[in-house]
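What follows is the residue order along each chain.
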Amino acid sequence: MIWASWRQQRLQLITLLGLLVVGVGAIALLRSSMLDSITSSQLTACVTQPLQDCAVPEAAKAFQEEWSNPLDMARLLIICVPALIGVFIGAPLFARELEQGTYVLAFTQSVSRTRWMLSKLVIALVPALVVLIALQYLVTWWLSAAGTLGPLKNGAFTALNFGIAHASPVGYALFAFALGTFLGVVSRRTLVAMTAGLGAFVVVRFALSGLVNSLVPTQRVEGTPDRQLTVHEDGSLVLADGYLDTAGQPVPEDEVNALIQACKTTPAGAGTPESQQEFLACLPKSGLAKQYADVIGESQAWQVHLADVAIFGGLAVLLLAGTAWVLRRQN
Amino acid sequence: MNSLTATAVGKRYRARWAVRDCGFAIPEGKVVALVGPNGAGKSTLLRMAAGLSRPTTGELKVFGTPVQGRIHPDVAFLAQERPLYHDLTVRELVRLCAAMNDRWSTERVREVLGLQAGVDHNAKVGSLSGGGRTQVAIALALGRLPRLLLLDEPLADLDPLARDETLRIIMTEVADRGTTVVMSSHLLSDLHEVCDHILLIDEGRVQVDGDIQEVLARHRILVGPAAGESTVEGTLISATRTERQSTLLLREAEPAPRGWASTEPDLESLVMGYLRASRERRNSAQHK
């Protein structure tokens, strides 16, 4: 059965292997050329420190202009590969058999329909996931070489950085693949399954992208009103923020705005350092005792990724069960 | 034991019944000609017997086991569309089928393909002619070493020589292994050479079921004057009439009256008679 599935999906598997080889070569070349560019512009120290501490800011700016495009392309590649897996591997897997009637040949041999389905699924899915994980690893390896000069400086929670990290791409790929196979057995048309699968994947992928944040417990960070909380700058994901009153209860936003306006208008001679100090002193007096923020720290990003994989993996399992059910009652 | 039995089998596609209230029993070792007009339900019946589709009503049994959602291990099925993977070579396709079967004889497939001229093992299946693909599909069906062989239009796209070879292979299979064969076909003269049992269905119902010799012996073709039809006794199946002469197909006919010539029909004229009768029934039903 393994040989049978392998022989039928040979073209896809060779394509995947080709993609992997090209990916390894291209990323290794680009990375080494980028490292050359870093050393030649004396930017080595800037890779690990924040941009404002960089000794050669002009060189850093030129570097970013030169390399932000290739680095973004690499990130987009990892965002797109799951959709490609769904469209080109998941959707035609059973749709082609149903469309051309060849499933009749398989269904009139002694192998059970479930086993036939599983062996096709495994041979199609596992190599695709291996290639995806390898490419993801390569891109991360390249991005980390750019350090804070590259897109990683934006933190783990920006949409592009989040979508290519940890187990999330695998979750998306599982979902896209299962969606493709399901639409394939329902529509029995390869082209319909491919286009509808792509559309549905894009919609669901973006519709659910915010949901995951609400599933992970947040931490509340508090601070005095006179200084901005550091969580706004250290890459944490801020889900809610505002002011607390003296009892520790959040103050409604329109009330906050009114109080801030009131503090701004009290002292004469606005704009001077003294008025600024007075303004800040006014805030706690008028009832805005503390600033707060509900955050998920960058070090907790893995929890969000796990929730993400659970959602998309769960959907994938449901869709695969649906695929098996439709195939078993196919007549 | 009966190799295939049907009890009140019906199959409905949306509003239309493809097969309706079908009942028959095929004893082991028979070679059955499954005949009927286009759209009579022959393919539907064979697909249900192969476990590819489920009857809406009733039950099919193969060697005493109900057919439920999968093919019986002792059954091999040749589908009308000859579903084969076109991008594989014949050799690869044989290996693929071997991998999908517990009981399989690649020897047998080679032997059958060897008997049929002109199938190159290294040719892509897609590059073969329709007849070539049919021959490969029959060889693959025999590779399962079946006890019941279901063939949907096995002779349809074969040239006369290939048709002869294929019929001979089927006959050898029956003689050597005692395989029961159910084959649907429109080629009545070919069927007569190999089949010993007839199952005639029309509009999803069984019209004739029995040993071909017995069925033929029970029927008579009477030719006589157009005016004297009332003197003929027996169950009239169908008639063709000209101004002067009537040709009647009768079941359980009494001895022919004076002026009538009575002969035993051959398979072709028997089937033609039944098909004509069913068409007339259908036409008159439409006109009502």
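If you're wondering where the values come from, they're calculated on a predicted model, not measured in any experiment.

What counts, and where the lines are drawn
- Residues numbered from 1 in each chain as written.
- Chains lettered and ligands numbered in written order.
- Predicted model: local features only at pLDDT ≥ 70, side-chain atom pairs only at ≥ 80, totals over all residues.
- Heavy atoms only, no water.
- Helix = DSSP H or I, 4+ residues; strand = E, 2+ residues; numbered from the N terminus.
- Expected span 1.5 Å × (residues − 1).
- Buried < 20%, exposed > 50% of the residue type's maximum accessible area, 1.4 Å probe, protein only.
- Arc of directions from axis to C-beta.
- Contact = heavy atoms within 4.5 Å.
- Patch = residues over 30% accessible without salt bridge, like charges linked within 9 Å, V, L, I, M, F, W, Y side chains within 5 Å.
- Areas by Shrake-Rupley, 256 points an atom, 1.4 Å probe, with all protein chains shown as cover.
- Salt bridge = Lys/Arg side-chain N within 4 Å of Asp/Glu carboxyl O.
- Lys, Arg positive; Asp, Glu negative; His and termini not counted.
- Charge placed at Lys NZ, Arg CZ, Asp CG, Glu CD.
- UniProt positions renumbered as here; feature names shortened; annotations may be inferred.
- Core = buried A, V, L, I, M, F, W, Y, C linked by side-chain atoms within 4.5 Å.
- Domains from an automatic or database assignment.
- Buried area = accessible area lost by both parts, 1.4 Å probe.
- Polar contact = N/O pair within 3.5 Å; in protein donor to acceptor, adjacent residues only side chain to side chain.
- Nonpolar A, V, L, I, M, F, W, Y, C, P; charged D, E, K, R; others polar.

**Student:** When you look at helix H8 (residues 190–207) of chain A in this model, what are you seeing that I'm missing?
**Tutor:** Side chains of residues three or four places apart in an α-helix project in the same direction, reflecting 3.6 residues per turn. All names here are of chain A. The end-to-end C-alpha distance of H8 is 25 Å, a good match for the 26 Å that 18 residues give at a rise of 1.5 Å each. Residues of H8 that are buried: Thr190, Ala193, Met194, Gly197, Phe201 and Arg205. Along the axis of H8, the buried positions cluster into a sector of 95 degrees, meaning they face one direction only. Turned more than 90 degrees off the buried face of H8, the exposed positions are Leu191, Thr195, Val203, Phe206 and Ala207. Looking at the buried positions of H8, the neighbouring elements they touch are helix H3 (57–100), helix H6 (159–163), helix H7 (168–187) and helix H11 (301–328).

**Student:** Before we go on, may I ask you to explain a negative patch on the surface in this structure?
**Tutor:** All names here are of chain A. Among the surface-exposed residues, Asp241, Glu253, Asp254 and Glu255 lie close enough to one another that they form a single negatively charged patch. Looking at which element gives the most residues to the negative patch, the answer is helix H9 (residues 253–265), with three residues. Tracing the chain through its elements places Asp254 in helix H9. A relative accessible area of 59% places Asp254 in the exposed class.

**Student:** I tried to follow the UniProt feature "transmembrane region" (unreviewed entry) in chain A on my own but got confused; where do I start?
**Tutor:** Residues and elements named next belong to chain A. With numbering aligned to this structure, UniProt lists the feature "transmembrane region" (unreviewed entry) at residues 12–30, 73–95, 116–139, 159–183, 190–208 and 309–327. Secondary structure content for residues 116–139 is 100% helix and 0% strand, and the end C-alpha separation is 35 Å. Secondary structure within residues 190–208 divides into 95% helix and 0% strand; the distance between the first and last C-alpha atoms comes to 26 Å.

**Student:** Whenever I open this one, the nonpolar core confuses me. Can you help?
**Tutor:** Burial of nonpolar side chains together is a common tendency in soluble globular proteins. Formed by 144 residues in total, the largest nonpolar core has its most connected members in Trp116 of chain A together with Leu93 of chain B. Examining the composition of this core, we find that 17 residues originate from one element, helix H5 (residues 113–146) of chain A, more than from any other. Setting aside residues up to four positions removed in sequence, Leu93 of chain B forms contacts with Leu105 of chain A together with Leu84, Tyr85, Leu88, Val125, Val136 and Leu140 of chain B. Counting residues in hydrophobic clusters, the runner-up holds 21 residues, among them Phe201, Val216, Ala301 and Phe312 of chain A.

**Student:** So what exactly am I meant to see when it comes to the domain arrangement of chain A here?
**Tutor:** Think of interface size as the accessible area that goes away when the parts come together; that is how it is often given. All names here are of chain A. What the domain assignment reports for chain A is domain 1 (2–214 + 299–328) and domain 2 (219–298). Placing a centre on the C-alpha atoms of domain 1 and another on those of domain 2 gives a separation of 42 Å. Contacts between domain 1 and domain 2 engage eight residues on the former and eight residues on the latter. Where domain 1 abuts domain 2, roughly 670 Å² becomes buried across the two surfaces, and 62% of that area is made up of carbon and sulfur atoms. Counting the surface domain 1 buries against domain 2, the share from its top three residues, Phe157, Asn213 and Gln300, is 63%. At the junction of domain 1 and domain 2, the tally comes to zero salt bridges. Where domain 1 touches domain 2, the interface holds zero residue pairs in polar contact (both at pLDDT 80 or more). In the side of domain 1 that touches domain 2, the residues fall into four nonpolar, four polar and no charged.

**Student:** When you look at the interface of chain A and chain B in this model, what are you seeing that I'm missing?
**Tutor:** Every contact between the two is made by 25 residues of chain A and, on the other side, 28 residues of chain B. Summing both partners gives a buried area of about 2,400 Å² for chain A against chain B, and 56% of it is carried by carbon and sulfur. Area buried by chain A at its contact with chain B is led by Trp3, Leu105 and Ser110 of chain A, which between them contribute 27% of it. Glu92 of chain B is paired through a salt bridge with Arg7 of chain A; the nearest N and O atoms lie 2.7 Å apart. Where chain A meets chain B, there are 12 residue pairs in polar contact (both at pLDDT 80 or more). With five residues, the single largest contributor to the side of chain A that touches chain B is helix H4 (residues 103–107) of chain A. Looking at the side of chain A that touches chain B residue by residue, the classes come out as 10 nonpolar, nine polar and six charged.

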